[in-house]
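What follows is each chain in one-letter form.
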Amino acid sequence: FLIINWIFNSTHLKTFCVSGYLLVACLLAQGHLIMIQNSKTNVLKLIEQFKVKHFWPRNEEEWTIVQKELLFSKRAKKLLIFTTFLSVSSLNAIPFLDKNNKRLPIPSWYPINVSISPAYEIALIHQEIGLALLGVGLSFAVIMFCDVLNYIGLQCYILCIRLKKV
């Protein structure tokens, strides 16, 4: 529906720019989720390789480095979840703050007239649920990707510490 709105409102510059930005963001988020779903077996194999004992911390120095990095990663995840919640909540709050017009969070075209009462609420719920699922899915994808990179980086860092001692 967003693509159709983007095509029909291409004469109005503001709507064209806002819809184009949202269109690209939504397509990228859905692309992330599709790629993760398609590479699920490879990701699970990679996670299984983290259980190899060769790369685990062996002494107290390595454990403190790992714990420090994992604590930073945990804080970054909480910050990402908070900003996702804040952005999705602010987008979903737009219709409730603008009482004069029946605005939707995302300007889009629907095959029905969304300015009348039951259709407006259905479109609003549709967009709110869609935004929430998109935000949660994209946050999950980013967190999973960052965790994999963090574990790989930690294993390389531990390997470098061990090689310096040799």
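Counting restarts for each chain: residues are numbered from 1 in the order of the written sequence. In keeping with the model being predicted, local features are shown solely for residues with a pLDDT of at least 70 and side-chain atom pairs are shown and tallied solely at 80 or more, while totals for entire chains, interfaces and linings include all residues. Each side-chain value is derived from all of the structure's non-hydrogen atoms; neither hydrogens nor water enter the calculation.

**Here we look at the overall build of the protein chain**
Cut-off, in case you're wondering: Helix and strand assignments come from DSSP, with helices taken as H or I runs of at least 4 residues and strands as E runs of at least 2, each series counted from the N terminus. Here's how the labels work: a residue is buried when its accessible area is under 20% of the maximum for its type, exposed when over 50%, partly exposed in between, all with a 1.4 Å probe on protein chains only. What makes two residues a contact is simply this: any of their non-hydrogen atoms within 4.5 Å. Surface accessibility follows the Shrake-Rupley procedure with a 1.4 Å probe radius. Residue values consider only the protein chains on display as shielding.
Tallying secondary structure elements over the protein chain gives five helices and zero strands in all. Among the 166 residues that make up the protein chain, the fraction classed as buried is 29%. Across the protein chain, contacts joining residues at least 24 apart in sequence account for 64% of those joining residues at least 6 apart. Here the protein chain displays about 11,900 Å² of accessible surface, and carbon together with sulfur accounts for 71% of that area.

**Some words on the side chain of Thr84**
Heads up, the condition is: The term polar contact refers here to a pair of N or O atoms within 3.5 Å; inside protein, the definition further demands a hydrogen-donor-capable atom paired with an acceptor-capable atom, and it admits residues adjacent in sequence only when both atoms are side-chain atoms.
Checked against the element boundaries, Thr84 lands in helix α4 (residues 60-97). For Thr84, a relative accessible area of 15% translates into the label buried. A polar atom in the side chain of Thr84 sits 2.8 Å from the backbone oxygen of Leu80. For Thr84, the side chain forms a polar contact with the side chain of Ser139, separated by 2.7 Å.

**Description of the pattern of salt bridges**
Filter applied, for reference: What counts as a salt bridge is simple: a side-chain nitrogen of Lys or Arg found within 4 Å of a carboxyl oxygen of Asp or Glu.
The full count for this structure, using the stated rule, is three salt bridges. Taking the shortest distance from any N to any O, the salt bridge between Asp147 and Lys77 comes out at 3.2 Å. Here Lys77 lies in helix α4 and Asp147 lies in helix α5 (residues 117-165), a separation of 70 residues in the sequence. Given the relative accessible area of 18%, Asp147 is considered buried.

**Brief notes about the nonpolar core**
Where we set the bar: Definition of nonpolar core: a set of buried residues of the types Ala, Val, Leu, Ile, Met, Phe, Trp, Tyr and Cys, connected through side-chain atoms within 4.5 Å.
Leu104, Tyr110, Val114, Tyr120, Ala123 and Leu124 together form the largest nonpolar core, which totals six residues. Non-local contacts of Leu124, meaning those with residues more than four positions away in its chain, are made with Pro95, Phe96, Leu104 and Pro105.

**Some points on the packing of α4 against α5**
As a reminder of what qualifies: In this description, a line fitted to the C-alpha atoms serves as the axis of each element, helices being fitted only across the stretch in contact, and the angle between N-to-C directions of two axes falls anywhere from 0 to 180 degrees. The labels follow the angle: roughly parallel below 35 degrees, roughly antiparallel above 145, roughly perpendicular from 65 to 115, and oblique for the rest. Handedness of a crossing follows from how the near helix is turned relative to the far one, being left-handed for an anticlockwise turn of less than a right angle and right-handed for a clockwise one. Residue type decides the class: Asp, Glu, Lys and Arg count as charged, Ala, Val, Leu, Ile, Met, Phe, Trp, Tyr, Cys and Pro as nonpolar, and the leftover types, Gly among them, as polar.
One way to put it is that α4 packs onto α5 with a least axis distance of 10 Å and a crossing angle of 165°. Viewed along their axes, α4 and α5 adopt a mutual orientation that is roughly antiparallel. Crossing handedness for the pair α4 and α5: right-handed. For the contact of α4 with α5, the class distribution of residues is 20 nonpolar, seven polar and eight charged.

**So, α4**
In plain terms, the rule: What a helix should span is 1.5 Å times the count of its residues minus one. Bend is computed residue by residue as the angle between axes fitted to the seven residues ending at the residue and the seven residues starting at it.
Between its first and last C-alpha, α4 extends 54 Å over 38 residues, near the 56 Å set by a 1.5 Å rise per residue. At Leu91, α4 is bent by approximately 25°, the largest bend along its length, and proline Pro95 sits one to four residues beyond. For α4, every residue scored as buried is listed here: Glu62, Ile65, Val66, Ser73, Thr84, Val88, Asn92 and Pro95. In the core, the buried residues of α4 are packed alongside α5. Its side-chain oxygen at 3.4 Å from the backbone nitrogen of Glu61, Asn59 defines the N-terminal cap of α4.

**Here we look at the confidence of the model for the protein chain**
For clarity, the cut-off: Within a predicted model, pLDDT stands for the predictor's per-residue confidence, ranging from 0 to 100.
Mean pLDDT for the protein chain: 81, with 87% of residues reaching 70 or above. Of all secondary-structure elements in the protein chain, the lowest mean pLDDT belongs to helix α1 (residues 2-8), at 61, while α4 reaches the highest, 90.

**Details of the state of the cysteines**
Basically, it comes down to this: Cysteine sulfurs are considered disulfide-paired once they come within 2.5 Å of each other.
Taken as a whole and assessed by the stated rule, the structure comprises zero disulfides. Cysteine Cys156 is unpaired, with the sulfur of Cys160 as its nearest cysteine sulfur at 6.8 Å. A residue is classified by how much of its surface remains accessible, and Cys156, at 43% relative accessible area, is partly exposed.

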